[in-house]
Amino acid sequence: MPDGPTPIVEGEAPGVDDCTVLHVDMDAFFAAVEVLDDPSLEGRAVIVGGTGNRGVVAACTYEARAYGIHSAMPIVVARRRCPQAVFLSGRYGRYSEMSERFHGVLRAFTPIIEPIALDEAFLDVAGSRRLFGSPPAIAGAVRDQVRADLGLHCAVGVARSKLLAKLASRAAKPVASLEGTRQGAGVVVVLPAEELPFLHRLPVGALWGVGPATGAQLDRIGVVTIGDLAAVPPDTLVRRLGTAHGLQLAALARGEDPRPVEADREARSVGHEETFAVDLHVQVDLHQHLVRMADAVSARLHEADLAGRTITVKVRYGDLSLITRSHTVATPLDASHAIGLVAGALLEAVDVAPGVRLLGVSLSGLVPAGTVARQLSFDEVGTGTEDRPRRGAWDGVEASVAAIRARYGQSAVGPATLVGPAGLTVKRRGDTQWGPRAEPVPDLSGPSDQHEGKA
Amino acid sequence: MKFRCERDTLVDALTTASRAVSSRGSASAALSGVRVEAEGNRLTVVGTDLDLTVRVEIEAIGLDDGACVAPARLAADIVRSLEPGAVTFDSGDDELEISAARSRFVVRTYAVEDFPVLPEPRPDQVAIPAASLAEALRQVVRAASNDDARPLLTGVLVAGEGDGIRLVATDSYRLALRDLAGKSPLPEGTEQILVPARALTELQRLLPGAKDDSDATVGFSVGDLDATFAAAGVHLTTRLLDGKFPDYRQLIPPGYPNQLRVGKEALLDALRRVRLLVRDNTTPVRLSMRPGGVELTVVSQEVGHASEDVDADYEGEELTVAFNPSYLIDGVEAVLGDEVVLETVDATKPSTVRAPDHDDYRYLLMPVRVS
């Protein structure tokens, strides 16, 4: 049992009815699905995330975690730590099928669900208490139902805020060690009176917004636990971390997280990104990938009937440093060609010589495409201008491409740039996508990217 | 260097020269300064960002020849804040003392060697009447693009046309074209130049003073890479844009089947009123034209809607065309006279705004397509 709060609260613990936020998180989801489908893997270290030496760990069983392996760790490191592990490249179609069932279970308990990932969601059960009982009882029921329907385990955190519910679900997880996996509590409730003692014991890195850089900053002033952080005057944090970040951390350290569980959040951006097998150093190579991503982003905008005004290109170098460049246009775009032009110009201005590990394209500032009144341009009449070819012609092309794809599939037709020796390459499995109707795929490029989409 | 000068004269000179100084950081710190040079009783103040250079010459009481590079903004702010009367500048090695009455400021200066060496302005090649130039710039510069992604469109085309010259600017959504009678100021062998709109905006600021005097002229000269305008003791030199301006002639429809003739102020007032409901730059104003009048409508999803009827003469088929209201206002405002003509083909082809009787000014505008 992890030391800390009571695992299950029986009866009328003070304030338990206020703990209406549930965080439900599948245990080692992808890896657990693999074990479920192939019982011979039971009890073995299983690592999902690629069979080569490139890329990162998307998920691993608790047997693998005993070797210090965790998600987002480079595969090559994992292989060094645990060479006997089973490495799988992942079957994303199967995971999304299981994910669909997982979210289906959750929907039976409350309509207010904020999906965070394939295997993770926040629930607000304030309106479900009459039907299903106290929040801890609901948490237990969710867990049993997931087990019954999927044959998989999950952990549930119950608290008054998303911050504490998430930390509580982490505390409810199994703990791996070389002696064997110790089962977790499964459900952990953080009662109002227990919030600060629970929170202050945890390492500061557990807080949302504390990555390696901030962690190092805080370490320098002797802050190791969240309790240490709560003792630092907010002024000091503001001076070290800037106003917004400093005040936010100070509030989180006091257990203050006012963010509600938001059901049906509208996508704020639609994007694609991809980690390459080897770092790319040449604009031409990157440009080809960029065109493919712009094409895929456009296809999804069409599906969701959206258009966006801000085009962002994201570049992560081999040393993992990240830059983004964006441009906002007057009229929202949804056409592959137009997105590619803007994204291409943005990429053009980026120094790629150091070697690019990950490239991404996204559109934000989304509006429903149907309502867009489009300012026409002279580029669409006459023969076009020297710096920009005639654009109107592309409208017809885009419409035809959409029609062909609707009938014959995404890879039936595409930009000539994408034709290589192996034929036409369109959207690639394993690309990270976000936004409406994204095929849910894990973020393979590390936790720092999550703010782009829905976090 | 040491000189004495009337406060207001000096403030004008410092402020004018500072207009060329980039407010953003630049390669050399000295570029955030203005070069102040005294030679006898002639005082020269120069500011530059290397693309645009403004050089102001004024009279002062020279006490000691020399030069310094003073922080542009600060020096102007200090002098402006002083009591009216004479101001004295006295520069040492790396300091400048600014004093007047009982005030005394000492500010650090930049090294004169760090300030770019700029050529003396070329002598004027031609003189352009200031009043008509000011009018033409007011009509045309507004249509230039400020999107650095399309550098060519941030320029204004100056080209010989028939017996006169033509100014053209476009941001790809609208295009303003103005013909000026008179001899082309472009030197032999130069057919057209592309002048950054920013330089012409600054030139406009210099011109109102000259406009009061109907005989005033603006000196003009063109080099291979730059052009210089001279007016009222100020030389404004700008780098020319390099590249081929879009072929605008092909954009002008050969004829218009529909013509709306309407009072300029009445249309402007109505446009400005209905524009109050526009919340983002994608909300258009719809013009429904019919014999006898035009109805303007703005429908703003979140805010509400507005409509207004304006009397007008209309020849053609009943037609509704939508425009960006600000772009339309820009064009209508620029027309001289009491009436404007709006010519249209259909809801997706370029329209033209001009004066009823002459077409030396034309403003082409692309509609907004509404679904």
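Residues numbered from 1 in each chain as written. Chains lettered and ligands numbered in written order. Predicted model: local features only at pLDDT ≥ 70, side-chain atom pairs only at ≥ 80, totals over all residues. Heavy atoms only, no water.

Quick look at helix α5 (residues 264-274) of chain B now. Side chains that are three or four residues apart share a direction in an α-helix, a result of its 3.6 residues per turn. Residues and elements named next belong to chain B. If you check which residues of α5 are buried, you get K264, L267, L268, A270, L271 and V274. Take α5 and look down its axis: the buried residues cluster within an arc of 165°, on one side only. On its buried face, α5 sits against β18 (258-263), β19 (285-290), β20 (293-300), β21 (304-315), α6 (325-334) and β23 (339-344). (Buried < 20%, exposed > 50% of the residue type's maximum accessible area, 1.4 Å probe, protein only. Helix = DSSP H or I, 4+ residues; strand = E, 2+ residues; numbered from the N terminus. Arc of directions from axis to C-beta. Contact = heavy atoms within 4.5 Å.)

What follows is about unusual backbone geometry. Residues other than glycine predominantly adopt negative phi, and peptide bonds predominantly adopt the trans conformation. Of note in the backbone geometry, A28 of chain A takes a positive phi value of approximately 45° without being a glycine. Following the sequence through the fold, A28 of chain A ends up in the loop between β1 (21-26) and α1 (29-37). Residue A28 of chain A is classed as buried on the basis of its relative accessible area of 8%. Although it is not a glycine, A101 of chain B sits at a positive phi angle of roughly 45°. Exposure remark for A101 of chain B: the relative accessible area of 71% places this residue in the exposed category.

Residue and element names in this part refer to chain A. The topology assignment puts K162 in helix α7 (residues 162-171). We classify K162 as buried; its relative accessible area is 4%. Residues within four places of K162 in sequence aside, it is in contact with V21, E114, F122, D257, R259, P260 and V261.

This part takes up the pairing of strand β4 (residues 52-59) of chain B. Residues and elements named next belong to chain B. Extensive coverage of β4 is indicated by the burial of six of its eight residues. By the bridge criterion, seven bridges tie strand β3 (residues 42-48) to β4 in an arrangement that is antiparallel. Across the sheet, L43 pairs through a bridge with I58, a residue of β4. Turn length for the β3-β4 hairpin, with the two strands adjacent in sequence and antiparallel, is three residues, and the turn residue L50 shows positive phi of about 80°. Across five bridges, β4 lies against strand β17 (residues 234-239) in antiparallel orientation. Residue pairing for β17: R55 is matched across the bridge by H235. (Pairing = 2+ DSSP bridges.)

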